[in-house]
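Architecture and fold: a report
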Amino acid sequence: MIFIIIVAIAIFAVDLVTKYWAASALAGGESISIIGDILHFRYTTNTGGAFSMFNSMPWLFFVLIPLIVLLIIFFLVKYKPKHWVARTAAALILSGAAGNMFDRIVFGYVRDFIYLKAINFAIFNVADMAIVVGAILLGIYILFLDKGPDAIFPENKKPTETKQGETDDGNA
């Protein structure tokens, strides 16, 4: 659990510091080229969700994000995942959600500044990257590393029958 807390706090701090820098250094509308015409830093604000979706429904995020965070915390406390991929995914998703929720509460919008100009992709921030990488890691964990529901919820495992009516838990 300490690992999750340390990673989540570190990503949350990096997100806040970079957003503060972007709001201060790029607020005039300038764009800074980081890698030619591929990657730029350009400040903007976003009242919607990922990629500016749901701009007309900012209230939705004040309901959904806390619910998702509570579900992840419940999962972590109750089931204590042991695999580093599951723990890292949870830490990244929590820190990203917290970073963007902080912006929504304090400013009424999310501060974005990372722009992939080469593909004209939506402008995003460190919290968005944490959420996306965390979701990818969670998908990898569920699809390839998880040993099924019994690995996550061992108390649901039912004893299987072996020869002569015995069960694998040693009871006859």
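Check the entry above for the structure.
Let me begin by describing the structure that accompanies this report. A quick note: this is a predicted structure, and the numbers were derived from the prediction, not measured.

Most of strand 3 (residues 110-116) is tucked away, with six of its seven residues classed as buried. Strand direction decides the pairing type here: strand 2 (residues 39-46) and strand 3, joined by six bridges, are antiparallel. Counterpart to L39 in the pairing with strand 3 is L116.

Following the sequence through the fold, M101 ends up in helix 3 (residues 84-107). Given the relative accessible area of 12%, M101 is considered buried. Apart from residues no more than four positions distant in its own chain, M101 is found in contact with F61, F62, I65 and P66.

Packing of helix 3 against helix 4 (residues 126-145) brings their axes to within 7 Å, and their N-to-C directions diverge by 155°. One finds that helix 3 runs roughly antiparallel with respect to helix 4. For the crossing formed where helix 3 meets helix 4, the hand is left-handed. Between helix 3 and helix 4, the residues in contact are V85, A86, T88, A89, L92, I93, S95, G96, A97, G99 and N100 and A127, D128, A130, I131, V133, G134, A135, L137, L138, Y141 and L145, respectively. Looking at the contact of helix 3 with helix 4, its residues break down into 15 nonpolar, six polar and one charged.

The next point concerns the packing of helix 2 (residues 59-79) against helix 3. Contact geometry for helix 2 and helix 3: axes closest at 10 Å, N-to-C directions at 150°. When the interaxial angle is binned, helix 2 and helix 3 end up roughly antiparallel. For the element pair helix 2 and helix 3, the recorded crossing hand is left-handed. Taking contact as the criterion, the partners of F61, F62, I65, P66, V69, I72, I73 and L76 in helix 2 are, on helix 3, A90, I93, L94, A97, M101, R104 and I105. Residue composition of the contact of helix 2 with helix 3, by class: 14 nonpolar, no polar and one charged.

Counting nine residues, the largest nonpolar core is built from A22, L26, L39, F41, Y43, F113, I114, F124 and V126. Contributions of two or more residues to this core are made by strand 2 and strand 3. Examining the composition of this core, we find that three residues originate from one element, strand 2, more than from any other. If near-sequence neighbours (up to four positions away) are discounted, L39 is found in contact with I32, S33, I34, I114, Y115 and L116. Listed in part, the eight residues of the second largest apolar core include V7, A90, I93 and L94.

Rules behind the numbers
Residues numbered from 1 in each chain as written. Predicted model: local features only at pLDDT ≥ 70, side-chain atom pairs only at ≥ 80, totals over all residues. Heavy atoms only, no water. Buried < 20%, exposed > 50% of the residue type's maximum accessible area, 1.4 Å probe, protein only. Helix = DSSP H or I, 4+ residues; strand = E, 2+ residues; numbered from the N terminus. Pairing = 2+ DSSP bridges. Contact = heavy atoms within 4.5 Å. Axes fitted to C-alpha atoms, helices over the stretch in contact; angles between N-to-C directions. Parallel < 35°, antiparallel > 145°, perpendicular 65-115°, else oblique. Left-handed = near helix turned anticlockwise from the far one by under 90°. Nonpolar A, V, L, I, M, F, W, Y, C, P; charged D, E, K, R; others polar. Core = buried A, V, L, I, M, F, W, Y, C linked by side-chain atoms within 4.5 Å.

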